[in-house]
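Overview (structure and organization)
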Amino acid sequence: MVPRDLHHAPVGRGRQAIPESLGSLVSQKAQGVNRHGTVSRSIFPVARAGDTVSPSGEEPSMASPKFMTALGPGLLFAGAAVGTSHLVQSTRAGAVFGLGLLAVVILANVIKYPAFRFGAHYAAATGRSLVAGYRDLGWFPPLLLGAILILADGFAVAALSLVTAGIVKVVFGLEVSILTAVALVMAAAGAFLIIGGYHWLERLNKLFMAVLTVSTLIATVLVLPKVDWSFYPASAPPIDMKAMLFVAALAGWMPTAMESSIFASLWTVEKAKDMGTKPSLEGVLADFNIGYWGTAILAICFLLLGAGIMHSGAVEPADTAPAFAAQIMALYRDTLGAWAVPVIGIAALSVMFTTCLTAFDGLVRAFVAVVGALRAQPQPDQSGYEKKAYAATLLGFLVAAFLLLYFFLGGFKGFVDFVTSLAFLTAPVLAFFNHRVMMGSSVPDGDRPAPYLMHWSRAGIALMLLFAAGYLFLVFT
């Protein structure tokens, strides 16, 4: 349930016409001319005199077709999160430490919630993405975001493709090299995104997330009797430098990299285009909360699966993508039975492929938006330019990620740890930008987050900054 203090200001019973003056004001706001003199256009339909709005107190029922249709960006967020951070890192955490790092998983999800939420919240309140909000703060935030997208997320594309390729080899029994499997994954993902676009991405993600969620919850319930419920099992390794570095890697992408908050804002904007109407703030936040807290529960489930099967059986996580994928399949086989292996194999492959799709899509949309925000003027044919820029940027990131794997592919665990550790260091910076944007003048007073959320955000930023500083101290001393 969305807190009542986050609802729009009431406009009375039934439907009320928007006055001429308000229609004019909304039209002006939709033009989005910011203090830099550049146009930051809202894609939400402009309200005009005589248009009607639903009272904010009338929240759609979660079982209603209208609400189900509105679901999308939040589930895409979940799809992007459940891949490497959950399927790989959470399972590894349970396999090596038992329940010793359960508190880390929970704490990471809790302290990062406001920063991630602000992406969907800002887009629903203003009709603009966080990239436009970053540009309002000056040149530095979008430039830094662009650098993070190239460096950190470029590695992330490689890591996700590698994990997915490993599952492809196991599920289909392909006798090809891992790089060949990576090329197949990248080609399939690129073709789907360019041809299908947001519309089919969202629908495919809903189906695959439903399959993996149900199967994972069933497997988790069945494995609970095998879990050692000690707070920190005696069989877990000592808390040393190696353990602390893994904690940083685990927390860095838990539930996912902070850049996904920008992706969430872009998906919210794109969802409005796809629906042809402005979504309500309440609906957007409900969708996001379902995706966010749902993926937090899945992270705990994968940790329990790793603890109940691999840790209790003293199974060491493999250091190659195909071998680790085989271990993931074994988790489900040992809990559900051999009959479930093909079903779960397809489900795991489906979700990892969806993670690739959502992460690739979000990254490319964000990078194109950053370039657009830094231009003085929009292109004459903005829609055509964005489509061409999207395809060219996607191709560029995929080729760069493949070359990265071709020349520098080493240990699977080390490669994933490097990617997730980068996210650990950049998270407090992006969380700070998100906080600043939500406090900006572009957010209507009635749509601002409640005071407790802003305090929660400040505390989260402080903790993330403290942990990042501690990580750097450990690495360089």
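Notes on the structure follow.

Definitions and cut-offs
- Residues numbered from 1 in each chain as written.
- Predicted model: local features only at pLDDT ≥ 70, side-chain atom pairs only at ≥ 80, totals over all residues.
- Heavy atoms only, no water.
- Helix = DSSP H or I, 4+ residues; strand = E, 2+ residues; numbered from the N terminus.
- Buried < 20%, exposed > 50% of the residue type's maximum accessible area, 1.4 Å probe, protein only.
- Contact = heavy atoms within 4.5 Å.
- Areas by Shrake-Rupley, 256 points an atom, 1.4 Å probe, with all protein chains shown as cover.
- Axes fitted to C-alpha atoms, helices over the stretch in contact; angles between N-to-C directions.
- Parallel < 35°, antiparallel > 145°, perpendicular 65-115°, else oblique.
- Left-handed = near helix turned anticlockwise from the far one by under 90°.
- Nonpolar A, V, L, I, M, F, W, Y, C, P; charged D, E, K, R; others polar.
- Core = buried A, V, L, I, M, F, W, Y, C linked by side-chain atoms within 4.5 Å.
- Phe/Tyr/Trp six-rings, centres within 6.5 Å; stacked < 30°, edge-to-face > 60°.
- Lys NZ or Arg CZ within 6 Å of the ring centre and 35° of its normal.
- Patch = residues over 30% accessible without salt bridge, like charges linked within 9 Å, V, L, I, M, F, W, Y side chains within 5 Å.
- Salt bridge = Lys/Arg side-chain N within 4 Å of Asp/Glu carboxyl O.
- Polar contact = N/O pair within 3.5 Å; in protein donor to acceptor, adjacent residues only side chain to side chain.
- Expected span 1.5 Å × (residues − 1).
- 1 Å grid on protein atoms, 1.4 Å probe; cavity = no way out; pocket = protein on both sides within 12 Å on 5 of 7 lines; lining within 4 Å.
- Points joined across faces, edges and corners; volume = space filled by probe spheres on them.

Another point: the overall build of the protein. Across its full length, the protein carries 15 helices and two strands. The burial tally for the protein puts 56% of its 477 residues in the buried class. Contacts in the protein between residues at least 24 apart in sequence constitute 88% of all its contacts with a sequence separation of at least 6. With an accessible surface of roughly 19600 Å², the protein has 69% of that area assigned to carbon and sulfur atoms.

Here the focus is the packing of helix α4 (residues 102-126) against helix α8 (residues 241-252). For the pair α4 and α8, interaxial distance at closest approach is 9 Å and the crossing angle is 45 degrees. One finds that α4 runs oblique with respect to α8. The hand of the α4/α8 crossing is right-handed. Each of V104, V105, A108 and K112 in α4 lies in contact with α8, whose residues at this interface are V247, L250, A251 and G252. Partitioning the contact of α4 with α8 into residue classes produces six nonpolar, one polar and one charged.

Taken as a class, soluble globular proteins show a tendency for nonpolar side chains to be buried jointly. Grouped together as the largest cluster of nonpolar side chains are 105 residues, with contacts concentrated most on Y134, L145, L149, M258, I262, Y332 and F360. Counting residues per element, this core draws most heavily on helix α12 (residues 340-374), which supplies 16 residues. Excluding residues that lie within four positions of it along the chain, L149 makes contacts with G154, E259, F263, L363, A366, F367, V370 and F397. With 17 residues, the next largest nonpolar core counts A93, F97, L99 and A299 among its residues.

Going through the model one piece at a time under the given rule, you end up with 18 aromatic pairs. A ring pair is formed by F432 and F433, whose centres lie 6.2 Å apart and whose planes are at 50 degrees; its orientation type is tilted. Classification of F432 by relative accessible area gives partly exposed; the value is 38%. One aromatic cluster is present, formed by F77, Y113, F116, F288, Y292, W293 and W456 through successive ring pairs. One cation-aromatic arrangement involves R135 over W139; the distance from NZ or CZ to the ring centre is 3.9 Å.

Where nonpolar side chains cluster on the molecular surface, the patch consists of L395, V399, L403, Y406, F407 and F408 and spans about 680 Å² of accessible area. Note on placement: V399 falls in helix α13 (residues 382-408).

On to the pattern of salt bridges. Taken as a whole, this structure holds eight salt bridges when the rule is applied. A salt bridge links E270 to K273, with the nearest nitrogen and oxygen atoms 3.9 Å apart. Note that E270 and K273 are positioned in helix α9 (residues 260-275) at a spacing of three residues, about one turn of the helix. When its relative accessible area of 42% is taken as the criterion, K273 is described as partly exposed. Between D445 and R448 there is a salt bridge, and its shortest N-O distance comes to 3.2 Å. Connected via shared salt-bridge partners are E202, R203, K206 and K271.

This part takes up the side chain of T220. Relative to the helices and strands, T220 resides in helix α7 (residues 178-223). At 2.7 Å, the side chain of T220 and the backbone oxygen of T216 are in polar contact. With sequence-adjacent residues up to four places away left out, T220 is seen in contact with C301, L304 and L305.

Contact pair α8 / helix α15 (residues 451-476): the axes reach a minimum separation of 11 Å and the direction vectors enclose 145 degrees. For α8 against α15, the interelement crossing comes out left-handed. Along its contact with α8, which presents M241, M244, L245 and A248, the element α15 presents Y471, L474 and V475. Grouping the constituent residues of the contact of α8 with α15 by class yields seven nonpolar, no polar and no charged.

With 16 residues, α9 should reach 22 Å at 1.5 Å per residue; the first-to-last C-alpha distance of 22 Å fits that figure. α9 sits mainly inside the fold: 13 of its 16 residues count as buried. Of the residues flanking the end of α9, it is G276, one or two places downstream, whose phi is positive at about 75 degrees.

Overall, the coordinates contain four cavities of 30 Å³ or more when judged by the stated rule. A volume near 150 Å³ is recorded for the largest cavity. Considering the residues around the largest cavity, the lining is formed by 19 residues, among which A156, L160, W253, T256 and A359 are closest to the centre. For the lining of the largest cavity, the elements supplying multiple residues, two or more each, are α3 (73-97), α6 (140-172), α9 and α12. Of the residues that constitute the lining of the largest cavity, the class distribution is 12 nonpolar, five polar and two charged.

Interpretation in functional terms is not warranted from these geometric data alone.
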